[in-house]
Amino acid sequence: MNDYNIQSNTISSTIGAPHRAQVTSTERSAPKCDDGYSLGTNYEICVQTEKLGTIGRFFLQEVAREVIPEHRVGFCFRRLKPGSEYVKILHNSEYKRSHYGNLMVCGSIWLCAVCASKISERRKNELIQAVNLHQGGLAMVTFTMRHSAGDSLKINLEILNRAYRKLTSGGWFQRLKEKWGLIGSIANLEVTYGDNGWHPHKHLLYFFKNDLDGSDLENFRSELSGRYLYLLDLLGGSGLDRVAVDIVEAKTEKQKIAEYMTKTEKKPWGIEAEMTKGHVKYSPAGGLSYWELLARASEGEYKYILLVREYAKVTKGKQSLAYSKGLRKKLGLGIIETDQQVAEKIEEESIELARIARDIWAKISRLRLRGQLLEVSHDGDLSKIEAFLERLYKE
């Protein structure tokens, strides 16, 4: 006799409180990537080849829950919404993907691998729409500053942000806009960690009335760089020309937008992904993303636990992607949804595949199997969900 019934798309327990099974350290710290490598002992191979998928994202969320328990990521896709008695498994047959419903979400693009994947994908699609609607020139400029091991992320990020705010305020920037026909920008903040410590940097996608050739772009960059380096120095920072301010012509990248890889695709990065996928991508050699820091923290390396906590504290309340005033209206875009709204949104095309009763969900969460259950649900095959739960209760 089964330990649960499935009736009217409902999985409900027919026994008392589920028994507590033991979770080994291997189960806790080594989910498998698509190619069989585990995250943890082989995180450098697994993370950099971007093969984490659903199970990997939920694993990183579990690590964040332990390392930064005071943050909302601790209950994300774990705790039922008030008044809910079951968890929904919702399925989109077009994309062959499933997701959970009736659960509270944190909406943190900075700290939660599960929410970040969904939010950054939405932002990427919005950016694709924005650049396709724009008929003029495009360029991506990256602003950074000199940094050293031991520098405070909070202080360096404050200097970077203050320098950019001063750069883009006042008469000097207004004259620059008029000179080059600059009509707006989209800003993205990204933070990595390497041998020289924290590396905060801002990507700016600039929209121009007309196309700019290579010479124009270099002259535009040079003007920005001179002013920016001057402001950095005033604020206690420093940088080198062509390093602190870099520019890439972006209009020819328009057709490559759809190829900007998501976390599970094996495609080269382009402008739009650089702007929107910084929170789910994994940095090349020389810089670790937050997700790589989490992976190392999962092995108990205290240095990386402290770095994750510093990152979480500093990025709290920060905006990851911002449109300049009036740009969305100029491009004919609607009001932008908040990260929380995007994370909570249920796809209209999704159908309810199954319901998981509260007591069963508690056991699934306790055994850290939320990612595994969702993974077997992606095919939309209810029998696979049944088989998963059968195995769960035979342990």
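Each remark here, short or long, concerns the structure printed above.
What you see is a predicted model, and the numbers here were worked out from it, not measured in a lab. (Residues numbered from 1 in each chain as written. Predicted model: local features only at pLDDT ≥ 70, side-chain atom pairs only at ≥ 80, totals over all residues. Heavy atoms only, no water.)

K.L.:
What exactly am I supposed to notice about the packing of aromatic side chains here?
P.N.:
Each aromatic ring pair is characterised by the separation of its centres together with the angle its planes make. All chains considered together, the criterion is met by 13 aromatic pairs. Geometrically, the ring pair formed by tryptophan 110 and tyrosine 311 is edge-to-face, given 6.3 Å between the ring centres and 65° between the ring planes. Here the residue tryptophan 110 occupies a position in the loop between strand S4 (97-101) and helix H4 (113-133), and tyrosine 311 occupies one in helix H10 (residues 302-315), the gap between them amounting to 201 residues. Here the basic side chain of arginine 328 rests over the ring of tyrosine 323, its NZ or CZ set 4.7 Å away from the ring centre. (Phe/Tyr/Trp six-rings, centres within 6.5 Å; stacked < 30°, edge-to-face > 60°. Helix = DSSP H or I, 4+ residues; strand = E, 2+ residues; numbered from the N terminus. Lys NZ or Arg CZ within 6 Å of the ring centre and 35° of its normal.)

K.L.:
I would appreciate a short explanation of the environment of threonine 142 in the present structure.
P.N.:
Looking at the secondary structure, you find threonine 142 in strand S5 (residues 138-143). In sequence terms threonine 142 and valine 243 are 101 residues apart; their C-alpha atoms lie 8.9 Å from each other. Setting aside residues up to four positions removed in sequence, threonine 142 forms contacts with His201, Lys202, His203, Ala244, Val245 and Asp246. A distance of 3.0 Å separates polar atoms of two side chains, one belonging to threonine 142 and the other to histidine 203. (Contact = heavy atoms within 4.5 Å. Polar contact = N/O pair within 3.5 Å; in protein donor to acceptor, adjacent residues only side chain to side chain.)

K.L.:
Is there a simple way to explain the pairing of S4 in this structure?
P.N.:
Strand residues, when the strand is regular, have side chains that alternate between the two faces of the sheet. Burial analysis of S4 places four of its five residues in the buried class, the great majority of the element. Relative to S4, strand S3 (residues 86-92) runs antiparallel, the two sharing five bridges. Within the sheet, the bridge partner assigned to leucine 90 lies in S4 and is histidine 99. Two successive antiparallel strands, S3 and S4, enclose a turn made up of four residues, where lysine 96 displays a positive phi of approximately 55°. (Buried < 20%, exposed > 50% of the residue type's maximum accessible area, 1.4 Å probe, protein only. Pairing = 2+ DSSP bridges.)

K.L.:
Teacher, can you tell me more about the state of the cysteines here?
P.N.:
Note on terminology: disulfide describes a covalent bond linking the sulfur atoms of two cysteines. Scanning the entire structure with this criterion turns up zero disulfides. Free cysteine cysteine 76: the closest other cysteine sulfur is in cysteine 115, separated by 3.5 Å. With a relative accessible area of 1%, cysteine 76 lands in the buried category. For the unlinked cysteine cysteine 112, the closest cysteine sulfur is that of cysteine 106, found at 3.8 Å. Note on cysteine 112: relative accessible area 0%, which makes it buried. (Disulfide = S-S within 2.5 Å.)

K.L.:
Whenever I open this one, the nonpolar core confuses me. Can you help?
P.N.:
Buried together is how nonpolar side chains tend to be arranged in soluble globular proteins. The biggest cluster of nonpolar side chains holds 91 residues, and the ones touching the most others in it are Tyr100, Phe143, Tyr206, Phe220, Leu224 and Tyr228. In this structure, Leu127, Ala130, Leu327 and Leu331 belong to the second largest nonpolar core, which totals 15 residues. (Core = buried A, V, L, I, M, F, W, Y, C linked by side-chain atoms within 4.5 Å.)

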